[in-house]
Amino acid sequence: MLLRHASAEVDGFSQEDDHAKPLDDKGKIDCKNLSEWLKKSFLDFDLVITSDAIRASQTSSLVFEPLNILIKSNSLLYLCSFEEIFKSIKSLDNNISNV
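In this report, the structure presented in the accompanying data block is examined. (Residues numbered from 1 in each chain as written. Predicted model: local features only at pLDDT ≥ 70, side-chain atom pairs only at ≥ 80, totals over all residues. Heavy atoms only, no water.)

Bringing the environment of serine 88 into the picture now. Its place among the elements puts serine 88 in helix 3 (residues 82-90). Remark: the alpha-carbon pair of serine 88 and leucine 76, spanning 12 residues in sequence, is separated by 8.8 Å. When near neighbours in sequence (up to four residues on either side) are disregarded, serine 88 contacts Asn74 and Leu77. (Helix = DSSP H or I, 4+ residues; strand = E, 2+ residues; numbered from the N terminus. Contact = heavy atoms within 4.5 Å.)

Turning next to the pattern of salt bridges. Scanning the entire structure with this criterion turns up 3 salt bridges. Residues lysine 21 and aspartate 18 are paired through a salt bridge, measuring 3.3 Å at the closest nitrogen-oxygen approach. Both residues of the pair, lysine 21 and aspartate 18, count as buried. Across the salt bridge formed by aspartate 18 and arginine 55, the nearest N and O atoms sit 3.0 Å from each other. Here aspartate 18 is found in the segment before helix 1 (25-41), whereas its partner arginine 55 is found in helix 2 (residues 54-64), with 37 residues between them in sequence. One salt-bridge network, held together by shared partners, links Asp18, Lys21 and Arg55. (Salt bridge = Lys/Arg side-chain N within 4 Å of Asp/Glu carboxyl O. Buried < 20%, exposed > 50% of the residue type's maximum accessible area, 1.4 Å probe, protein only.)

Printed below as a string of structure tokens:
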């Protein structure tokens, strides 16, 4: 599953501050709703890999921590290409099948 971060604050943040943008209230509510939906859907994940951007980390925590899913942060995923995403997935142990 590929999940983009939820809605983030934009006021008061410049392009240079992009990495530090937190989720806004709508984003936090959306994350909690998605977490509840995933729980009801019985989807199974072995691991979540997230960018270390604040809004991405917050999204992962709000969605997947209530589901007791391990979350790993990877700084290389911030503003990365699809090749970097594939590289991160391919480097995982073979016993991890649902990311």
